[in-house]
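# Observations on the model geometry
The chain contents come next:
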Amino acid sequence: MQKIHKQWTISDAANTYGIKEWGAGYFDLSDSGDVVVRVQTEDSSVSVSFMDIIEGLDARGFSMPVLLRIENLLDQQMSRLNESFRTSIKGNGYQGRYQGVFPIKVNQQAQVIDEITRFGERYDHGFEAGSKAELLIALAKVPSKDSLIICNGYKDPEFIDLGLQTTRMGYKVFFVIETPTELPTILERSRSLGIKPLIGIRIKLASQAGGHWQDSGGDNSLFGLTTGQLVDVIDTLKTEDMLDSVRLLHYHLGSQIPNIRDIRTAVRETARFYADLVNEGCPMGYIDIGGGLAVDYDGSQTNFLHSKNYNLDEYTWDVVEVLQSVLDEKEIPHPTIITESGRATVAYSSILLFNILDVTESRPGPIPEEPPEDVPDSIRNLYEVRQSMTTRNVQECYNDAVYYRSEVREDFQSGNVSLRQRALADNLFLDIMLGISRLLTKVKRVPRELDDLAESLYDTYYGNFSVFQSLPDVWAIEQIFPVMPIHRLTEEPKRQAILADITCDSDGKIDTFADIHDVRKTIPLHELKGNEEYYLGVFLVGAYQETLGDLHNLLGDTHVVSVRINPDGSFDFVREIEGDSIADVLSYVEYQPKDLIELFRQKAEDAVRAGTITAQQRRIVMNAYEESMRGYTYFER
Ligand code: PLP
C-alpha cells in the first residue's frame, strides 16, 4: 500500500515555531505563509505581514539588518498592564490605585521613552531612574505632575538637589534609600534647600525568586536595607523629625521571575513591612514592588527560566489580593501599588530582522561508488560500515565509524594519509552519521550515546547581524528569544540549523532555541533559493538588548525603524534612524576617519610613484575606501 505523506500545513509551521504560544496574540501566520503582526483597533484587529514591511524598508533603501519597532505593541502592552491592574483592583474592592513606572535602564532609547510618555499619559505612568543621566530623562519626559518618578541607585548631592527642586515644582520625585549612607546626604540637602523630600525605602526581603536574577533578592542582595538598618533609618528620621517624609516602600526581587508563588511570597512579606512602618508612624501611601513581571519567551507557560507560569491577569490579581489580605488584617489603608515593569512593557514591541547570507550544510561531498585503489584499510572499513547499517546494528556501526575515522586522522598526522584521502574519510563518516540518524527514527529504543546525534548534524546559516550588538543577552546569559523565518511558512523547513552571525567570533551564534517542551539545539529552516533573500526575525527583543549591545568586531548599531499600524491595516514608517556608518564606529574607538583616509591616500600615492598602480587605479581604490567609510557596518548586497 502506498504510504500517504501528510501535507505540511500552516498549522504545522505554527506548531514548529510555537508562535501562538510566545506571540501573546501579537504575532501569527497568514494563510500565505508570512509572519504577521496583529494589533487591536477600536472594534477589531488588523494584521500586517512582516514581508510587506520589509518591502517598504527595501523601497526606502534600508538594507538588513533592521531593528523594527511597532509602536502599537508598546501602546497595547501599556494598556494591558494598566487595565489589568484596574480590573484586579475593582474585582478585589481594593481602595488604592495602580501607578506604573517604566525603568529607563530597560530601554533608554529616546524614541521608546517618547512613546512611553505618550502612551502612558492616560494612566499617569511615570519613570524609574537609576542614575543621574536617567533622572534627567525622567524629569524632562514625565508626562504630568500626577506621574511618579522613582529614583533608585546611588544618589550624590547634585542628584538629590535636582530631585528636590523638581519636587518644589510640584512633581512627585521619590528618593529611594538603597543604603543607610544615603540618608544623611538627603537630610542635609533637604535642610539646606528647605524642601521636604519624598522618601522611599528599599528593603532586602528574605524572599527570593527563582530564575536567572535569583541573587537580586534575599539576604545577600546588593541593594536595600536589612531589617536592622531599616530600624536605624526610622530612628534617625524620628530624631530628625523627618519621619513624615517616608512615603514609599520598595523591593526588587530580580527580573524575569518565572514562578507566581515567589511573587506572592514577596508581596506578603513586603505587606508586613509596610504595615509595621505605618505602625511606626510613617505616613506611607505607596508600595513599589519593583520589576520582575516575566515574558514567556519560549511559550511553555512554565516556571522555566525563560518562561512564566502565570499570565498578566493572574499577576495583577495576586499582587492586589495578597496585599489587601495582609493590610486588612491589620486595618491599614490600602496604598497606591507601583510596579517597575520594564521587560514586560517593551519586549514585544521590537523585532530584529535580518537576512541569511550563506549556509554551510552538513552534507557529505562526493563519495566514489567503490574505494579508490590506493586508500588505506581504515577507509575501506568505513565503506564497509556504510554498506552494513541496519536498525539492529546502529550502535555498532557508530562505534566502528568513530574508530576508523580517528585511525584515518592519526595516519594523516603521521603523513600516511593524503589530504584527499582524509576528505574522503570525512565524507564517508558524515554520510554514515546521517544514515544512522535516519535509522534511529525507526528503532524502538535509541541508544543513549546516540540521543543527540540528529541534533549534532546541523547546517550553519550565516545571518547578517551581530549577536553582540543586537542580542547581547544571548551571549552573556544564554537568553532564549523566539527566532523563526518570517516567510515561506507554507513550505516545510527541511534543514536543521544553528545561526552564526557575521562577527567571526565563535560565540557569535544562536544555538539554543525556544521549544514548548524543552530547549532545542537547532531550528528547522528552509533551503535557500537561488537569488531569493531568506529573512528571519528574532522576536521580543525590546528589553535590555539595545543599550547592552556592544561594538564587537566594530559592527555598529543597526538601522532602527518605527512603524505605526493604522486601523485600516495600512502602516506608516513614523521614525527612522540610520544605523552606524563605518566612520561612526571608527570614531567611537578614537579614530579620525579623515586621518585614515589621508594615511591610505599616501599609500596609494606611493604605489603610483613606484609604478604598482596607475593614477586612474588610485582614483578607483580611493573611491572604494571613502565609499566604505560612509557605508553600513553590516553586509550589503
Ligand atoms: N527596577 C529595578 C530596581 C531593577 O533593577 C530592574 C531591573 O532588573 C527593574 C526594575 C526592571 O525589571 P523588569 O525588567 O523585570 O521589569
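Refer to the preceding data block for the structure.
Below is a short write-up of the structure. (Residues numbered from 1 in each chain as written. Predicted model: local features only at pLDDT ≥ 70, side-chain atom pairs only at ≥ 80, totals over all residues. Heavy atoms only, no water.)

The subject of this paragraph is the site of the ligand. Contacts to the ligand come from 16 residues, most closely from Ser255, Glu340, Gly342, Arg343 and Tyr544. The separation between an oxygen atom of the ligand and a polar main-chain atom of Gly342 is 2.7 Å. Tyr544 places a side-chain nitrogen or oxygen 2.6 Å from an oxygen atom of the ligand. The protein chains hide 91% of the 400 Å² of surface that the ligand would expose on its own. Tallied by class, residues from the shell around the ligand come to three nonpolar, eight polar and five charged. (Near = heavy atom within 4 Å. Polar contact = N/O pair within 3.5 Å; in protein donor to acceptor, adjacent residues only side chain to side chain. Areas by Shrake-Rupley, 256 points an atom, 1.4 Å probe, with all protein chains shown as cover. Nonpolar A, V, L, I, M, F, W, Y, C, P; charged D, E, K, R; others polar.)

In this section: the pattern of salt bridges. Applying the stated criterion across every chain, the model contains 40 salt bridges. As a salt-bridge pair, Glu182 and Lys155 come within 3.4 Å of each other at their nearest N and O atoms. Residue Glu182 is found in helix H8 (residues 182-193), and its partner Lys155 is found in the loop between strand E7 (148-151) and helix H7 (157-168); the two are separated by 27 residues along the sequence. Summarising the burial analysis for this pair, Glu182 and Lys155 share the class buried. One salt bridge in this structure joins Asp431 and Arg386, with 2.5 Å as the shortest N-O distance. A residue pair is termed long-range when its members are at least 10 positions apart, and Asp431 in helix H15 (residues 419-440) and Arg386 in helix H13 (residues 377-388) qualify at 45 residues. By relative accessible area, which is 18% here, Asp431 ends up buried. One salt-bridge network, in which partners are shared between bridges, spans Lys20, Asp28 and Arg38. (Salt bridge = Lys/Arg side-chain N within 4 Å of Asp/Glu carboxyl O. Helix = DSSP H or I, 4+ residues; strand = E, 2+ residues; numbered from the N terminus. Buried < 20%, exposed > 50% of the residue type's maximum accessible area, 1.4 Å probe, protein only.)

Here the focus is the pairing of strand E2 (residues 35-40). As judged from the three bridges shared by strand E1 (residues 27-29) and E2, these two strands associate in the antiparallel manner. Looking at E2, one finds that Phe27 is bridged to Val37. Adjacent in sequence and paired antiparallel, E1 and E2 are bridged by five residues, among which Gly33 carries a positive phi angle near 95°. Relative to strand E3 (residues 45-49), E2 runs antiparallel, the two being bridged by five bridges. (Pairing = 2+ DSSP bridges.)

Tracing the backbone through its elements, the reader meets Asn393 in the loop between H13 and helix H14 (394-413). We classify Asn393 as buried; its relative accessible area is 16%.

All right, on to the packing of aromatic side chains then. In total, this model carries 18 aromatic pairs according to the counting rule given. Their ring planes at 70° and their centres at 5.1 Å tell us that Phe27 and Phe539 sit as a pair that is edge-to-face. Residue Phe27 is located in strand E1, and its partner Phe539 is located in the loop between strand E19 (535-538) and helix H19 (545-548); the two are separated by 512 residues in the primary sequence. Each member of the pair, Phe27 as well as Phe539, carries the same accessibility label: buried. Among the aromatic residues, those joined into a cluster by ring pairs are Trp22, Phe27, Phe50 and Phe539. Here the basic side chain of Arg405 rests over the ring of Phe429, its NZ or CZ set 3.8 Å away from the ring centre. The side chain of Arg422 reaches across the aromatic face of Phe412, ending 5.0 Å from its centre. (Phe/Tyr/Trp six-rings, centres within 6.5 Å; stacked < 30°, edge-to-face > 60°. Lys NZ or Arg CZ within 6 Å of the ring centre and 35° of its normal.)

Direction vectors running N to C along helix H6 (residues 132-141) and H7 enclose 15°, while the axes themselves pass 10 Å from each other. Taken together, the axis directions place H6 and H7 in an arrangement best described as roughly parallel. When the axes of H6 and H7 are compared, the crossing they make is left-handed. Across the interface between the two elements, Lys132, Leu135, Leu136 and Leu139 of H6 pack against Glu158, Phe159, Leu162 and Thr166 of H7. Residue classes in the contact of H6 with H7 are distributed as five nonpolar, one polar and two charged. (Axes fitted to C-alpha atoms, helices over the stretch in contact; angles between N-to-C directions. Parallel < 35°, antiparallel > 145°, perpendicular 65-115°, else oblique. Left-handed = near helix turned anticlockwise from the far one by under 90°. Contact = heavy atoms within 4.5 Å.)

Attention now goes to the state of the cysteines. The full count for this structure, using the stated rule, is zero disulfides. Free cysteine: Cys151, not disulfide-bonded; nearest cysteine sulfur from Cys282 at 19 Å. (Disulfide = S-S within 2.5 Å.)

A few words on the pairing of strand E9 (residues 198-202). E9 sits mainly inside the fold: five of its five residues count as buried. Covered by surrounding structure in E9 are Leu198, Gly200 and Arg202 together with Ile199 and Ile201, the residues of both alternating faces. Sheet analysis places strand E8 (residues 172-177) next to E9, joined by four bridges and oriented parallel. Directly across from Phe175, in E9, lies its bridge partner Ile199. By the bridge criterion, four bridges tie E9 to strand E10 (residues 246-250) in an arrangement that is parallel. Looking at the pairing, Ile199 lines up with Val246 of E10.

On to helix H4 (residues 71-92). Helical geometry: 3.6 residues make up each α-helical turn, so side chains three or four residues apart lie on a common side. Its 22 residues give H4 an end-to-end C-alpha distance of 32 Å, which sits within 8% of 32 Å, the value for a rise of 1.5 Å per residue. One or two residues past the end of H4 sits Gly93, with phi positive at roughly 70°. (Expected span 1.5 Å × (residues − 1).)

Here H14 spans 29 Å end to end across 20 residues, near enough to the 28 Å set by a 1.5 Å rise per residue. Where H14 is buried, its residues contact H13, H15 and helix H16 (453-456). Backbone geometry just after H14 places Gly415 at a positive phi near 85°.

Our next topic: a nonpolar patch on the surface. A cluster of nonpolar side chains, Tyr154, Leu222 and Phe223, forms an exposed patch at the surface whose accessible area comes to about 370 Å². Within the secondary structure, Leu222 is located in the loop between E9 and helix H9 (227-239). Classification of Leu222 by relative accessible area gives exposed; the value is 71%. (Patch = residues over 30% accessible without salt bridge, like charges linked within 9 Å, V, L, I, M, F, W, Y side chains within 5 Å.)

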